[in-house]
Every structure is written in structure tokens, then in C-alpha cells.
Amino acid sequence: MTTYYLAPSTATPAGSDANAGTITAPWLTLAYAYATASAGDTIYLRAGTWYEGLNALNKANLTIAGYPGEMAVVNPGKLYAEGGGAGEWSYAGGVWTLVPGDLTGPDNTVGLIRTDGYAIPRMASAALVTGDPGSPMSTADDRFYWDIATDTITLNLQSGSNPATQVYVVDGTRRLNNTAAGLIIDNLVIQYAYDGVKSSGTGTIIRNNTIRHTAFQGVLAWGANSYYQNNVIHHIGAPYIYDDLTTWPTAGTLAVNNWVHGLYVYGANVTVNNNHVSLCTGGALTASNNAASATDPDTMTVYDNIFLDWVVFSGPGHLLYNNVIVNADATPGVYAFMYFQGASLTMYHNYIEGRQGAFIGYYGNTGPVVFKNNIVRAQGGLNAVILGSFTASETFDYAGSDLDHNSYDCPAGTLTWKLYAAAGGTPVSYTTLASYRAALQALTGGTDEAASLSQNAKLNASYYPPINSPARAAGVAVSGQRADASGHPRPNPPSIGPYEVAGRFAGRRILLPRGR
């Protein structure tokens, strides 16, 4: 196991692939370092930027990391010059055109990403770049089309500025893509990429990174026994997508992009903790393999995260605690937290808030659900909880479920709970906690929600309960829940929600994006 080093050619000592790869004689390129390294080796990147990706990582137990205390940036995207020549942008008729000459297909794997924000939506034809793209977009939105037959990109950049200073171009090769076991990606800034990191290997560890401005997933990974820790992830995906390769919602139509996620991870014995994920067009976290059922081996432990977009889970045996989940998306049917096709779910001490209103959904499950010490806030005045099976083929396990010591609040209107008493039947809505509690207890045969509250928890802007919060000491002690999301010890009885007291953080790393 050998440690190698990379540095820019302008650094001291200067990087060169003719060097030995030591700290005093570092290499220059990621490609050369990876080609030379063996399984089990470590590659350190010194301060600088690498305009390259590694799309075929297949060496076991390899570590690629930023050198401690320095900022190493992996930027696989490409900026093309303006000029109108080969491989240059030209401007005419209100649009920019480019024949890049080095992109790979198919066409849906090419993306354009604004340097100051999200990816740019890809249109189904060049005509839609110059004309009206159709609902839900408008002619005021940036948009592009890549004609794979002529290798021509047509771009309508509403700012009118030169895309060579504003837009990175990526394809499916421009990312960190791994198939081997034991990959570690640590302490990097990964930006302007197709995906930030893709890994199918078991034992993947992605930690301490900033991943931002990607055309598709921030992290796409499905290996068992993997860890995703201490990452800051933001500005992921394009706001709209032409769904021309699937049947959802209707093939060939333009739709709001719910396909791209900050973290799209699943697998057996996966841990997701202490991440800060926001500004993702398709949600902060999706833990689903798209064919999920109660028998899938997807078991995840998710704790101490801040997810400022919606979260989706499927599969059995998940444990979530001490998370902040806030969804500001007003799209109908987009809940802050959704769980479907699973055999069991356990949630303790989470804060869950949805702008659209219906923000906790348990769909098509066989149950049971354990839901305790959580704060639930519905901004839109719609459904606080939807519980049960909406398909006749599955029966929710009400008798095995355990819900209590939760706090429910709706500042903007009437709070509603909805229960499917019969699988595939018509749900019944309840507008008071008392009526919901009585109906739920009739289904479970227990005392569910007996100690739950229907009032404002009065949390501060950091989701801490001040001294006058009714959530203080209103929870129930839970085995294994010894500390809150800041490291404060949980007393008995504990507070409801992810934090115990308002005050300084104790033992938790504060995660803030490095730059935009």
C-alpha cells in the first residue's frame, strides 16, 4: 500500500507525470496517478483544480483524497472558448452553437451546468431551444439541445452572456465512477460533473466532501456496507427534464425533474450521517432501488443529517433519527418524507416540515411503523400524516405499529391526518388530533398517539427548542438514543425533535458549503 501525491504544474514543488509521485516530486494528472496506482493505494491531491474525471475506477480499496488542510477541486466539466471555430462557441440568431467534437452518447448523458447554479434543461429538439419549450417551462428559462447526429449543441442562455464563462459541458464520462470494493473519496470539492460520484462497489466511503453543480446525481451508489458521512451537497440537477426515455409521467413530455437527487443511495447496512444536502431538483435523499419491495435487502441507518429537500425511502429495516427534513417544494404530491413498499420503518427524534402540506406518507407498505418523538409541521394546511396501504394487494400492519409522543403543527390552516383503514380503500381524513388518535387506536388496538401534542413546538431558526417550547422533556426514552444531533446527552424524559436545548453545538462538525 503506497501513498502518492498530485500537485498542479504551478505549485511548489510542481506536478509532473514524469515525477516519482512522492510528496516532494508529485504527479500532475489524476489519469496518470490512477493508471500507476495499485489496489489499496492512496492518492492525495494537493491544493489545486483537476479538470478531469475517472470513469472506470475498478481497483479495490483505493483512496482518493484531498491533502489534509488544503482544498483540492475535481472539476470534470469543460469550458469551451468563444470564437466560432472548431470546438468553440458561436453566436447568431439569439442562440449559441457549438460542435464540441469530444462528447459521448447517448444524448441524455450530455448536460450543461451554469457556474452559478443548476444544470440547464435539455430539450427534445433544437426548435424548442429557440421557440416555446412548453409547460412547465417558459421562454425565460435557459435551455439546450445536443444533436448527436451532427454533434451540435444549441444553447439559449437567457442572460445573453458568453457560455464559455458561464456554462460547463459534461457527458457520462465526466465524473468519478467506481465498480470496485472499498473505494474512499475524502476531503474533495467535486463540481461541474455528470454525477459527483457513482459507485456500485461494496464498502464505499464518501466523506468530508463538497459536491455541487452536477447535471445528474450528487452521489449515486448502491453497494452494501457503505458510508456517506460529513458531506455538503447542493445545486444538483436541472429543474426540468424531457422524459423521452421512460413512460413517466408521459413519454416525450417536459416535466419537473424529480429524477435527480443529492444522495441516491441504497443497499444493505448503509449509513448516512451528518450530511448537509440542499438545493436538489429531485430531492435531498432517495433510498430506493426502483424495484423495491418488502424483501429487498435495503437496510439503512440515517442520522444527524440536515436535508433541505424531500426524502424518499423504500425497503425494510430502516432507522432514521435526529434528522432535519424540510421540503419547500410546493409541487402537488411531493411530501417532505415518503416511505413506500417496505416491511418496517423506525423514526425517532426527527423534524419534518413540508410546504406543500401532505408531508409524511407511508404508501403501499406491509408495515409496521415505529414513529416517536418527532416534530411534524405542515406549512400548507393539508395532510400531516398519511398512513396505510393505498393498493389492495398490500395490507398495512397497524397492530404492529407504534406511534406516540409526537408534536403536530400547522401554522397556515387546518391540520389533517389521513388513514387507509382498508387496503386499497377510500382514506378517511381527520382534522383534529383527538379524532385521528381515536381512529388510529381502533386500528392498532393500542394507545398510539396518546401522549402526542397538537401545538407549535416553538423551535428557533436552528430547530432548537427554547426554554418555553412544549417539546422540551415531552418525549419518551428510547433505547439507543443517548445523544441529540449536536451531541448533547438525552435526558429522561427527552425532548421531542432532533435537538435537546438551544445553545452551542457539542461535538458535531458544522457543515457549510465552501463557496457557491
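Residues numbered from 1 in each chain as written. Predicted model: local features only at pLDDT ≥ 70, side-chain atom pairs only at ≥ 80, totals over all residues. Heavy atoms only, no water.

Engineer: Give a description of the overall build of the protein chain that names residues and reports values.
Structural biologist: In terms of regular secondary structure, the protein chain is built from three helices and 45 strands. Considering only contacts in the protein chain between residues 6 or more positions apart, those separated by 24 or more positions represent 56%. (Helix = DSSP H or I, 4+ residues; strand = E, 2+ residues; numbered from the N terminus. Contact = heavy atoms within 4.5 Å.)

Engineer: How would you summarise the sheet that holds strand β19 (residues 210–214) if you had to cite specific residues and measurements?
Structural biologist: Read across the open sheet, the twelve strands follow the order β3-β6-β16-β19-β22-β27-β30-β33-β36-β39-β42-β45; overall the sheet is parallel. At either end of the open sheet lies a strand with only one pairing partner, and these are β3 (48–50) and β45 (453–454). Pairing between β19 and strand β22 (residues 232–236): four bridges, direction parallel. Bridge pairing links Arg212 to His234 in β22. (Pairing = 2+ DSSP bridges.)

Engineer: Can you tell me about the environment of Ala149, naming the residues and giving the values?
Structural biologist: Checked against the element boundaries, Ala149 lands in the loop between β11 (143–147) and β12 (152–156). Judged by relative accessible area, which is 72%, Ala149 ranks as exposed. When the C-alpha atoms of Ala149 and Asp107 are compared, they prove to be 9.6 Å apart, with 42 residues separating the residues in sequence. (Buried < 20%, exposed > 50% of the residue type's maximum accessible area, 1.4 Å probe, protein only.)

Engineer: Residues and numbers for the pattern of salt bridges, please.
Structural biologist: Overall, the coordinates contain eleven salt bridges when judged by the stated rule. One salt bridge connects Asp142 with Arg114, and the closest N-O pair in it is separated by 2.8 Å. With Asp142 in the loop between α2 (127–130) and β11 and Arg114 in strand β9 (residues 111–114), the pair connects residues that are 28 residues apart, well separated along the chain. Two residues, Lys372 and Asp402, come together in a salt bridge whose shortest N-O distance is 2.8 Å. Of this pair, Lys372 sits in strand β38 (residues 369–372) while Asp402 sits in strand β41 (residues 402–404), and the two are 30 residues apart along the sequence. (Salt bridge = Lys/Arg side-chain N within 4 Å of Asp/Glu carboxyl O.)

Engineer: Residues and numbers for unusual backbone geometry, please.
Structural biologist: Of note, the bond from Thr12 into Pro13 is cis; its omega dihedral lies within 30 degrees of zero at 0 degrees. Its place among the elements puts Pro13 in the loop between β1 (3–6) and α1 (30–36). Looking along the chain, the bond that leaves Ser135 and enters Pro136 is cis, with omega of 5 degrees. Assignment of secondary structure puts Pro136 in the loop between α2 and β11.

Engineer: Help me get a handle on the sheet that holds β1, residues and values and all.
Structural biologist: An order of β1-β2-β5-β15-β18-β21-β26-β29-β32-β35-β38-β41 is seen for the twelve strands of this open sheet, with the pairing classed as parallel. The open sheet is flanked by β1 and β41, the only strands paired with a single partner. The mean angle between the axes of side-by-side strands here comes to 10 degrees, regardless of whether they run parallel or antiparallel. Examined bridge by bridge, β38 and β41 share three bridges and lie parallel to one another. Residue pairing in the sheet places Phe371 in a bridge with Leu403 of β41. (Axes fitted to C-alpha atoms, helices over the stretch in contact; angles between N-to-C directions.)

Engineer: A description of the packing of aromatic side chains should follow, citing residues and the corresponding values.
Structural biologist: By the definition in use, this model includes 17 aromatic pairs. Between Tyr44 and Tyr67 the ring centres are 5.7 Å apart and the planes differ by 80 degrees, which places this aromatic pair in the edge-to-face class. Of the two residues, Tyr44 sits in strand β2 (residues 42–45) while Tyr67 sits in the loop between β5 (63–66) and β6 (72–74), which places them 23 residues apart along the sequence. Between Trp222 and Tyr266, the aromatic rings sit 6.5 Å apart at their centres with planes inclined by 20 degrees, giving stacked as the arrangement. Of this pair, Trp222 sits in the loop between β20 (219–221) and β21 (227–229) while Tyr266 sits in the loop between β25 (263–265) and β26 (268–273), and the two are 44 residues apart along the sequence. A residue is classified by how much of its surface remains accessible, and Trp222, at 31% relative accessible area, is partly exposed. A connected cluster of aromatic rings, assembled from ring pairs, spans Tyr4, Trp27 and Tyr32. Taking the ring centre of Tyr67 as reference, the NZ or CZ of Arg46 above it sits at 4.2 Å. Over the aromatic face of Tyr34 sits the side chain of Lys59, whose NZ or CZ is 4.4 Å from the ring centroid. (Phe/Tyr/Trp six-rings, centres within 6.5 Å; stacked < 30°, edge-to-face > 60°. Lys NZ or Arg CZ within 6 Å of the ring centre and 35° of its normal.)

Engineer: Report on the environment of Phe396, specifying residues and quantitative values.
Structural biologist: Among the structural elements, Phe396 can be located in the loop between β40 (383–387) and β41. Taking C-alpha positions, Phe396 is 7.0 Å from Pro368, a pair spaced 28 residues apart along the chain.

Engineer: A description of the side chain of Arg377 should follow, citing residues and the corresponding values.
Structural biologist: Mapped onto the fold, Arg377 is located in strand β39 (residues 375–378). Its relative accessible area of 18% is what places Arg377 among the buried residues.

Engineer: I'd love a proper account of helix α3 (residues 433–444), names of residues and values included.
Structural biologist: Across its twelve residues, α3 extends 16 Å between first and last C-alpha, which sits within 8% of the 16 Å expected from 1.5 Å per residue. Among all positions of α3, only Leu433, Tyr436, Arg437, Ala439, Leu440 and Thr444 are buried. Downstream of α3 by one or two residues, Gly445 has phi in the positive range, about 75 degrees. (Expected span 1.5 Å × (residues − 1).)

Engineer: Lay out the pairing of β38 with the relevant residues and their values.
Structural biologist: The two faces of β38 match: Val369 and Phe371 on one face and Val370 and Lys372 on the other face are all buried. Sheet topology places strand β35 (residues 345–348) next to β38; four bridges connect them, and they run parallel. Following the sheet pairing, Thr346 is matched in β38 by Val370.

Engineer: Can you break down the environment of Pro427 residue by residue, with the values?
Structural biologist: Its location among the elements puts Pro427 in the loop between β43 (416–419) and β44 (428–430). Placed 41 residues apart in sequence, Pro427 and Ile386 show a C-alpha to C-alpha distance of 8.7 Å. Apart from the residues lying within four places of it in its own chain, the contact partners of Pro427 are Lys418, Leu419 and Tyr420.

Engineer: Pulling in residues and values, what's your account of the nonpolar core?
Structural biologist: Inside soluble globular proteins, nonpolar side chains tend to come together where they are buried. In this structure, Leu263, Phe307, Phe313, Phe337, Tyr408 and Tyr436 are the most contacted members of the largest nonpolar core, which totals 81 residues. Looking at this core, the element that brings in the most residues is α3, giving four residues. Ignoring anything within four residues of it in the chain, the contact list for Tyr436 reads Val385, Leu403, Tyr408, Trp417, Leu419, Tyr430 and Glu449. Residues Tyr80, Leu112, Phe144 and Trp146 belong to the second largest nonpolar core, which totals 16 residues. (Core = buried A, V, L, I, M, F, W, Y, C linked by side-chain atoms within 4.5 Å.)

Engineer: Break down the confidence of the model for the protein chain for me, with residues and values.
Structural biologist: Summary statistics for the protein chain give a mean pLDDT of 87 and a share of 87% for residues scoring 70 or more. Considering only residues more than four positions removed or in separate chains, one finds that residues 504–516, a stretch of pLDDT under 50, has 40 contacts. (pLDDT = per-residue confidence, 0-100.)

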